[in-house]
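Secondary and tertiary structure notes
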Amino acid sequence: MADDFPDMPENGTRLRLARDVLDSQMVDREHRQSGKVDGIVAELRDDGRLVITAVENGLPEAVSRVSPRVGDWIAALGRRWGVRKGEVYRIPFNKVRRTGIEVRIDVDAVATPLLDWEKWLNDHIVRHIPGARW
Amino acid sequence: MVSAREIHLERLIGCKVYDSEHRCAGAIEEIEAELQDGEWVVVKVLTGPIGMLTRLSSLGVGGWLLGLLGARKSIGGYEIEWRHLDLADPARPRLTCPLGDIG
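Here, residues in each chain are numbered from 1, in the same order as that chain's written sequence. Each chain is given a letter, starting from A, and each ligand a number, starting from 1, according to the order in which they appear as written. Local features in this predicted model are restricted to residues whose pLDDT is 70 or higher, and side-chain atom pairs enter the listing and the counts only when it is 80 or higher, whereas totals over whole chains, interfaces and linings include all residues. Hydrogen atoms and water are omitted, and side-chain values are computed over all heavy atoms in the structure.

So, on to the nonpolar core. Here, nonpolar core means buried Ala, Val, Leu, Ile, Met, Phe, Trp, Tyr and Cys residues that are tied together by side-chain atoms lying within 4.5 Å of each other. Residue burial is assigned from relative accessible area. The probe radius is 1.4 Å, only protein chains are included, and a residue is buried under 20% of its type maximum, exposed over 50%, and partly exposed in between. If you look at the biggest cluster of nonpolar residues, it comprises 42 residues, and the most contacted ones within it are A:Leu17, A:Leu50, A:Ile52 and B:Leu9. Of all the secondary structure elements, the ones that give two or more residues to this core are strand E4 (39–44), strand E5 (50–57), strand E6 (89–92) and strand E8 (102–105) of chain A together with strand E3 (24–36) and strand E4 (39–47) of chain B. Ranked by residue count, the leading element in this core is E3(B), at 5 residues. The contact rule is simple, with two residues in contact once any of their heavy atoms fall within 4.5 Å. Once you skip the residues sitting within four places of it in the chain, A:Leu17 turns out to touch A:Leu22, A:Ile40, A:Ile52, B:Leu9, B:Glu30, B:Ile31 and B:Ala33. Under the DSSP-based scheme used, a helix requires at least four consecutive residues in state H or I and a strand at least two consecutive residues in state E, with every element numbered from the N terminus.

What follows is about the state of the cysteines. All names here are of chain B. When the sulfur atoms of two cysteines come within 2.5 Å, that pair is taken as a disulfide. Here the structure, examined in full by the defined rule, presents 0 disulfides over all chains. Note on Cys24: no disulfide assigned, nearest cysteine sulfur contributed by Cys15 at a separation of 11 Å. By relative accessible area, Cys24 is classed as partly exposed at 33%. Between Cys97, a free cysteine, and Cys24, which holds the nearest cysteine sulfur, the sulfur-to-sulfur gap is 14 Å. Owing to a relative accessible area of 10%, Cys97 belongs among the buried residues under this scheme.

All names here are of chain A. Its 14 residues give helix H3 (residues 68–81) an end-to-end C-alpha distance of 20 Å, which sits within 8% of 20 Å, the value for a rise of 1.5 Å per residue. Listed in full, the buried residues belonging to H3 are Gly71, Ala75 and Gly78. Along the axis of H3, the buried residues cluster in a sector spanning 60°; they form a single face. In H3, the exposed positions that point more than 90 degrees away from the buried face belong to Arg69, Asp72, Trp73, Arg80 and Trp81. Against helix H2 (59–64) lie the buried residues of H3. The span you would expect from a helix comes to 1.5 Å times its residue count less one. Here the arc refers to the directions that run from the helix axis out to each C-beta atom.

Residue and element names in this part refer to chain B. Per-residue confidence from the prediction method is given by pLDDT, with values spanning 0 to 100. Mean pLDDT over chain B: 84, with 80% of residues reaching 70 or higher. Within chain B, helix H2 (residues 59–68) has the poorest average pLDDT of any element, 67, and E4 the best, 95. Scored as a whole, the predicted complex attains pTM 0.81, and scored at its interfaces, ipTM 0.80.

A word on the packing of aromatic side chains. All names here are of chain A. For Phe, Tyr and Trp, rings pair up if their centres lie within 6.5 Å, where Trp contributes its six-membered ring, and each pair is then called stacked (planes under 30 degrees apart), edge-to-face (over 60) or tilted (otherwise). Applying the stated criterion to the full structure yields 1 aromatic pair over all chains. Between the aromatic rings of Trp117 and Trp120, the centroid separation amounts to 5.8 Å while the plane-to-plane angle is 70°, which identifies the pairing as edge-to-face. Residue Trp117 and its partner Trp120 are located together in helix H4 (residues 116–124), separated by 3 residues, close to a single helical turn. For Trp117, a relative accessible area of 44% translates into the label partly exposed. You can call Trp120 partly exposed: its relative accessible area is 32%.

In this complex, chain A contributes 33 residues to the contact, which on the side of chain B involves 32 residues. Between chain A and chain B, a total of about 3100 Å² is buried, with carbon and sulfur atoms accounting for 55% of that surface. Per-residue buried area on chain A facing chain B is highest for A:Arg14, A:Leu44 and A:Leu50; these three make up 21% of the total on that side. What makes a salt bridge here is a side-chain nitrogen of Lys or Arg within 4 Å of a carboxyl oxygen of Asp or Glu, nothing more. Between the two partners, chain A and chain B, sit 7 salt bridges. The salt bridge involving B:Glu39 is made with A:Arg45; its shortest N-O contact spans 3.2 Å. Of all the secondary structure elements, the ones that give two or more residues to the side of chain A that touches chain B are strand E1 (14–16), helix H1 (17–20), E4, E5 and H2 of chain A. No other element matches the 6 residues that E4(A) contributes to the side of chain A that touches chain B. Each residue receives one of three labels: charged for Asp, Glu, Lys and Arg, nonpolar for Ala, Val, Leu, Ile, Met, Phe, Trp, Tyr, Cys and Pro, and polar for the others, Gly being one of them. In the side of chain A that touches chain B, the residues fall into 14 nonpolar, 6 polar and 13 charged. In this sheet, strand E1 (residues 6–8) of chain B lies alongside E4(A) in antiparallel orientation, the contact comprising 3 bridges. Within the sheet, the bridge partner assigned to A:Val41 lies in E1(B) and is B:His8. Here the quantity called buried area is the accessible surface, traced with a 1.4 Å probe, that two parts lose on coming together, added over both. Strands qualify as paired when DSSP identifies two bridges or more between them.

We now examine the pairing of E4(A). A regular strand places its side chains on the two faces of the sheet in alternate fashion. All names here are of chain A. Of all the 6 residues making up E4, 6 are buried; the element is thus mostly covered by neighbouring parts of the structure. Sheet topology note: the E4/E5 ladder contains 6 bridges and is antiparallel. In the strand pairing of E5, Leu44 is matched with Leu50. The hairpin turn running from E4 into E5, its antiparallel successor, is 5 residues long, and Gly48 in that turn takes a positive phi close to 90°.

Written out as structure tokens, the structure is:
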């Protein structure tokens, strides 16, 4: 929908990252809730500019905000037993089309690891509940 | 060419910023980016209560309420331009100038 994916804003547009991006609900191009923004990655360029390159989703990244060491432990546990194998999924920032209460991302979440937990819960639990559909 | 140095911006939130004389400019509460030629570039960080009120979208209302209480001028915090910030150690951001120069 054109309204959901507007054109790139004008040069000079300002964005507040803690308020409008971090911890916001991500919604994919099919309007599926696709997890939250757990991290924002920026790249320090040779010219001194700090350029935002991606948003991240994944429990290790969320926990790392409280304690990087505990985040590493969670990632290690995830690699051993996790559905996503401890992977933090990164979405290029040029796929972020709208920010605010929701962050609209121009990706198909089903084709990414973003919905791996939902798929696992469906396959192992929900589909075994009598009358359940997903 | 692009430098390989990556910084996780979410980990900067809550970090206290000090100047070269160990004076504290407050904890980072908000980070502001600007669209420049198709890329979002960090231009400013906000620290202290002014940063928190901005992050909560309540600087206007909060400032008005504090004004009623006569405490508007006492809202602490700074708006720090990116060029004044040294992130050599992202866990310990530092000012590249004295605190007085950004007030």
